[in-house]
Amino acid sequence: MTAPHLSVDTSHPPRPDTRLSPYTGYTRAHWEAAADRLLTALVPYASPGLAQYRLPGPASYSGPWSDGLEGYARSFLLAAFRIAGAGGTDTPGSTAIQGLIERYAAGLAAGTDPRHPERWPPIADRAQPMVEAASLAIALHETRPWIWDRLPDAVRGRTAEWLGGFVGATANDSNWRLFQVITEEFLASVDAPHERAEIDAGLARLDDWYRGDGWYTDGDGRKFDYYNAWALHLYPALWARIAGPRADAALVAEHRARLRRFLDTHQYFFGSDGAPVHQGRSLTYRYATTVPLWAGALTDATPLPPGRTRRLASGALKHFADHGAPDANGLLSLGWYRPYLPVVQPYSGPASPYWASKAFLGLLLPADHPVWTATEEPGPVDTADQCLALPAPGWLLHSTAADGIVRLVNHGSDRLPPPPAPSQDSPHYTRLGYSTATAPETPPGDEPPGPDNHITLLYPSGPSRRGRIHPLYTEGRRAASWHTPLGADGDGGRHTIATGSVVRGPWEVRVHSVQAPPGTTVREGGWAVACDTAPPAVDTGPGWALARRPDGLTTALVGLLGWADGPEPPGGEVARARGHNAYGHHSATPLLTLERHPGATRLLVTLVVLTADPAVCRDLHAVRSRARARLMPDGTVEVRFPDGVVERVAPPKGGGAGPPDAGT
């Protein structure tokens, strides 16, 4: 089988259709064009036999051999959705689809040939080829009439033998269990050796991780992130497509019900500009966050109207395109917008971002499906301020229509296995807040994480870490948790910091009960705002600090109670950095500091603001002056928000639950 030549003209993108898509201008043609551009850009990096794609960038810890397979498998997933969506046929004057069929069939023949110099690494226990095998299985199933059914018997046999390395192998006890489910179900579909018990065990393990309301933890512990979107809900839906009549109907119905429930809340994770909330690992997959939207439509398991599904999905695709992803060469880099390695994990290699291919699942829906033909409808953030409590992960989502920003308040996800596993810290999990307009400070190399969205004790070994999060409650507009602040060398550990959050519009009030030795310095950080064009402007005063991007995005931190050692609170500060943030080279974080903790428990109350609403940004002095907090005789804290609304908040206690509502 000879390697085909593929050339696709991607220089003339489709025109925006503002009638059909008033929010994004995107149609199915834009998705097809985006897929073609990504696939065409990979051609120069293909090996001669097309079994490997060696992209520029640092290798993963699995090494270049595995990374090359990853380039093939993840781009094959994209090609499969493009081929199947076109019915395996070309449009007049184009040979793009036939070229893709030939290209990936050739790579399959070379990669599965143990004598070929481009052969793939074998599937072994807990090895990266397990991940890529699932993508191959999905792609082969979806393109069965055009690739699998036309392959020579020898190639089909070698492919089944290579995928069969999964049989009897041990996968990581996480979303990887579903890779085994997918791969072995495909083997079953082609009458190749497989173990039904392993498929059933993987599906049963998924049930162990279900926490209700559509949410899974990715393995034991509190590991909540976008793997709910691009793995834990997606693979059961695709497994049912592969299994067909072999699938248990009751189980399929249960998976669909969970997906439907998940989409009830997942739709709130996208800002009006299409950006997803920046939280968790593997964020370099970018708009793969949209795949459950398409999966819901594909399996008739969505509560969303079709026009909203497309508005949210197209919004995310357009958002990254508008911010340079893919880049000028059509490649997806390791990063968020631009290349930025601190946002990736050691398992990520140069081709890892192409799990973004999952976002093109919607191409499997026919062109006359309502998700492609209905007029775009607004997303939740487009029409009104929203607040959503998610007790399973321990999150509050609050968004504002005036600036289209979604903010996530985190009192539950730390990505740690259950005790006695040691407490660790990741800025992508343990910060108090994440949003669609900001990213946590993630310095390169061995530098410690930044101070943003964190309250810390400054030990001799450095700032304490939040580590393991112990949720207390999540209800209405309130959530709380506690943690044990540990220093870099393990100092501390006999004290706790309990934090309660109450949100309203663009504001969050944090009530901290801080235990610390006498004389310990306490520091709190607000949001980190970042951009590439210029350093954010800053301003400070007694008990407050703010930073503002050139486009108006503003973060402010205001000490309302407990920050003063004397009659006047200390002046706020702003921490500036360069090269520490995925959103831009220049970043700034407002800070408040209590120089000397008195010992025992100190109550600290802070107003935290993130906004791009001109009406709020115009008069931040009024925001500062109107916000108040005072300790009441019954031990509650009376909080007055900048708009005059007054609420009572019970200070949370470390190691124990507090009431979610102390009155208004």
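Right, let's walk through the structure included here. (Residues numbered from 1 in each chain as written. Predicted model: local features only at pLDDT ≥ 70, side-chain atom pairs only at ≥ 80, totals over all residues. Heavy atoms only, no water.)

### A few points about the overall build of the protein chain
In plain terms, the rule: In this description a helix means any DSSP run of H or I spanning at least four residues, a strand means any run of E spanning at least two, and both kinds are numbered starting from the N terminus. Radius of gyration: C-alpha atoms only; globule rule: 2.2 Å multiplied by the number of residues to the exponent 0.38. Exposure classes here rest on a 1.4 Å probe applied to the protein chains alone. A residue is buried below 20% of its type maximum, exposed above 50%, and partly exposed in between. Throughout, a contact is declared for two residues whenever any of their heavy atoms are within 4.5 Å.
For the protein chain, the count of helices and strands is 16 helices and 23 strands. Relative to the globule expectation of 26 Å for 664 residues, the C-alpha radius of gyration of the protein chain, 26 Å, shows essentially globular dimensions. Projected onto its principal axes, the C-alpha positions of the protein chain cover 85 × 55 × 45 Å. For the protein chain, the proportion of its 664 residues judged to be buried stands at 62%. Counting only contacts in the protein chain whose residues sit at least 6 apart along the sequence, the fraction spanning at least 24 positions is 69%.

### Some points on the pattern of salt bridges
The following threshold applies: Salt bridges are defined by distance alone: a side-chain nitrogen of Lys or Arg within 4 Å of a carboxyl oxygen of Asp or Glu.
Taken as a whole and assessed by the stated rule, the structure comprises 35 salt bridges. The partner of Asp 208 in a salt bridge is Arg 205, and the shortest N-O contact between them spans 2.9 Å. Remark: Arg 205 and Asp 208 occur in helix α7 (residues 196-208); sequence separation between them is 3 residues, near one turn of the helix. A residue is classified by how much of its surface remains accessible, and Asp 208, at 45% relative accessible area, is partly exposed.

### A closer look at the side chain of Thr 496
One can find Thr 496 in the loop between β10 (478-483) and β11 (497-504). Setting aside anything within four residues of it in sequence, one finds Thr 496 in contact with Trp 482, His 483, Thr 484, Pro 485, Ser 513, Val 514, Gln 515 and Gly 654.

### Concerning the sheet that holds strand β22 (residues 637-640)
This is how the line gets drawn: Strands were regarded as paired on the criterion that DSSP finds at least two bridges between them. Axis definition: a line fit to C-alpha positions, over the contact stretch in the case of helices; interaxial angles, taken between N-to-C directions, run 0 to 180 degrees.
Strand order across the open sheet formed by 3 strands is β21-β22-β23, with antiparallel pairing between neighbours. Both outer strands of the open sheet, β21 (628-631) and β23 (646-649), are each paired with one neighbouring strand and no more. If you compare each strand with its neighbour and ignore which way they point, the axes differ by 20° on average. Here β21 runs beside β22; their pairing, made up of 4 bridges, is antiparallel.

### Description of the sheet that holds strand β4 (residues 395-400)
Here we have 4 strands laid out as an open sheet, ordered β3-β4-β5-β6, and antiparallel in their pairing. What marks the edges here is a single partner per strand, and that holds for β3 (386-390) and β6 (433-435). Sheet twist, expressed as the mean angle between neighbouring strand axes with direction ignored, is 15°. Bridge count between β3 and β4: 5 bridges; the pairing is antiparallel. Note that in β4 the partner of Leu 390 across the bridge is Trp 395.

### What to know about the nonpolar core
The cut-off we apply is this: Only buried Ala, Val, Leu, Ile, Met, Phe, Trp, Tyr and Cys residues count toward a nonpolar core, and they belong to the same one when joined by side-chain atoms within 4.5 Å.
Membership of the largest hydrophobic core comes to 143 residues, with the highest contact counts inside it found for Trp 239, Phe 269, Tyr 287, Phe 360 and Leu 361. Within the second largest apolar cluster, 23 residues are counted, among which are Val 522, Ala 545, Leu 557 and Val 608.

### Side note on the environment of Gly 562
Looking at the secondary structure, you find Gly 562 in the loop between β17 (554-561) and β18 (573-578). Along the sequence, Gly 562 and Ala 629 sit 67 residues apart, while their C-alpha atoms lie 9.6 Å from each other. With sequence-adjacent residues up to four places away left out, Gly 562 is seen in contact with Leu 594, Arg 602, Leu 603 and Leu 604.

### Some thoughts on the state of the cysteines
Here is the rule we go by: The rule for a disulfide is simple: a pair of cysteine sulfur atoms within 2.5 Å.
Throughout the structure, instances matching the rule amount to 0 disulfides. No disulfide involves Cys 531; its nearest neighbouring cysteine sulfur is the one of Cys 617, lying 14 Å away. Under the relative-accessibility criterion, Cys 617 is labelled buried at 14%.

### Re the packing of aromatic side chains
For the record, the criterion: Pairing of aromatic rings covers Phe, Tyr and Trp, the last counted by its six-membered ring, and requires centre-to-centre distances within 6.5 Å; plane angles under 30 degrees mean stacked, over 60 mean edge-to-face, and any other angle means tilted. Counting as a charge over the ring demands two things of the Lys NZ or Arg CZ atom: a distance within 6 Å of the ring centre and an angle within 35 degrees of the ring normal.
All told, the structure shown has 31 aromatic pairs when counted by the stated rule. Arranged with centres 6.4 Å apart and planes meeting at 55°, the rings of Tyr 227 and Trp 355 form a pair that is tilted. Taken as a pair, Tyr 227 in helix α8 (residues 227-232) and Trp 355 in the loop between α12 (306-322) and α13 (370-373) lie far apart in primary sequence, 128 residues in all. Connected via pairs of aromatic rings, a cluster forms that spans Trp 176, Phe 179, Trp 215, Tyr 226, Tyr 227, Trp 230, Tyr 235, Phe 262, Phe 269, Tyr 285, Trp 355 and Trp 395. The side chain of Arg 258 reaches across the aromatic face of Tyr 210, ending 4.1 Å from its centre. Of note, Arg 281 hangs over the ring of Tyr 227, and the distance from its end group to the ring centre comes to 4.1 Å.

### As for the pairing of strand β12 (residues 507-515)
The element β12 is largely enclosed, with a buried count of 8 among its 9 residues. In this sheet, β12 lies alongside β11 in antiparallel orientation, the contact comprising 8 bridges. Within β12, the position partnered with Arg 504 by the bridge is Trp 507. As paired strands, β12 and strand β20 (residues 601-611) are joined by 9 bridges and run antiparallel to one another. Directly across from Trp 507, in β20, lies its bridge partner Val 609.

### Concerning helix α2 (residues 64-85)
The condition is simple: Multiplying one less than the number of residues by 1.5 Å gives the expected span of a helix.
With 22 residues, α2 should reach 32 Å at 1.5 Å per residue; the first-to-last C-alpha distance of 31 Å fits that figure. For α2, a buried count of 19 out of 22 residues is recorded, marking the element as mostly surrounded by other parts of the structure.

### Digging into the packing of α2 against helix α3 (residues 96-111)
Quick note on the threshold: Whether a crossing is left-handed or right-handed is set by the direction in which the near helix is turned from the far one by less than a right angle, anticlockwise for left-handed and clockwise for right-handed. Amino acids outside the nonpolar list (Ala, Val, Leu, Ile, Met, Phe, Trp, Tyr, Cys, Pro) and the charged list (Asp, Glu, Lys, Arg) are all regarded as polar, and Gly is one of them.
At a minimum axis separation of 10 Å, α2 and α3 run at an interaxial angle of 145°. Here the hand of the crossing between α2 and α3 comes out left-handed. Contacts between α2 and α3 pair Tyr 72, Ser 75, Phe 76, Ala 79, Arg 82 and Ile 83 from the former with Ile 97, Leu 100, Ile 101, Tyr 104, Gly 107 and Leu 108 from the latter. In the contact of α2 with α3, the residues fall into 9 nonpolar, 2 polar and 1 charged.

### Notes on unusual backbone geometry
Going from Ala 325 to Pro 326, the amide bond is cis rather than trans, its omega being 10°. Mapped onto the elements, Pro 326 comes out in the loop between α12 and α13. The linkage connecting Pro 419 with the following residue, Pro 420, adopts the cis geometry, with an omega of 15°. Considering the arrangement of structural elements, one finds Pro 420 in the loop between β5 (405-410) and β6. Positive phi, close to 60°, is recorded for Asp 191, a residue that is not glycine. Looking at where Asp 191 falls in the secondary structure, it is placed in the loop between α6 (176-189) and α7. Residue class for Asp 191 comes out exposed when judged on its relative accessible area of 73%.

### Quick word on the packing of helix α4 (residues 129-142) against helix α9 (residues 234-243)
The relative placement of two packed helices is expressed as an angle between their axes plus a distance between the axes. Keep this limit in mind: Reported orientations rely on four angle classes, namely roughly parallel under 35 degrees, roughly antiparallel over 145, roughly perpendicular from 65 to 115, and oblique for the rest.
Contact geometry for α4 and α9: axes closest at 11 Å, N-to-C directions at 45°. Taken together, the axes of α4 and α9 lie oblique to each other. In the crossing of α4 with α9, the sense of the turn from one axis to the other is left-handed. From α4, Ile 138, His 141 and Glu 142 reach across to α9, where they touch Tyr 235, Leu 238, Arg 241 and Ile 242. Tallied by class, residues from the contact of α4 with α9 come to 4 nonpolar, 1 polar and 2 charged.

### Focus: α12
An α-helical segment advances 3.6 residues per turn. Residues three or four places apart therefore align on the same side. Between its terminal C-alpha atoms α12 stretches 24 Å, which fits the 24 Å expected from 17 residues at 1.5 Å a residue. The buried fraction of α12 amounts to 12 of the 17 residues, a majority that puts the element mostly inside the structure. Where α12 is concerned, the buried positions are Gly 307, Thr 309, Arg 310, Arg 311, Leu 312, Ala 313, Ser 314, Gly 315, Ala 316, Leu 317, His 319 and Phe 320. Looking at the packing, one finds that the buried side of α12 touches α1 (28-42), α11 (291-298), α13 and α14 (380-383). After α12 finishes, the residue Gly 324 shows a positive phi value of roughly 90°.

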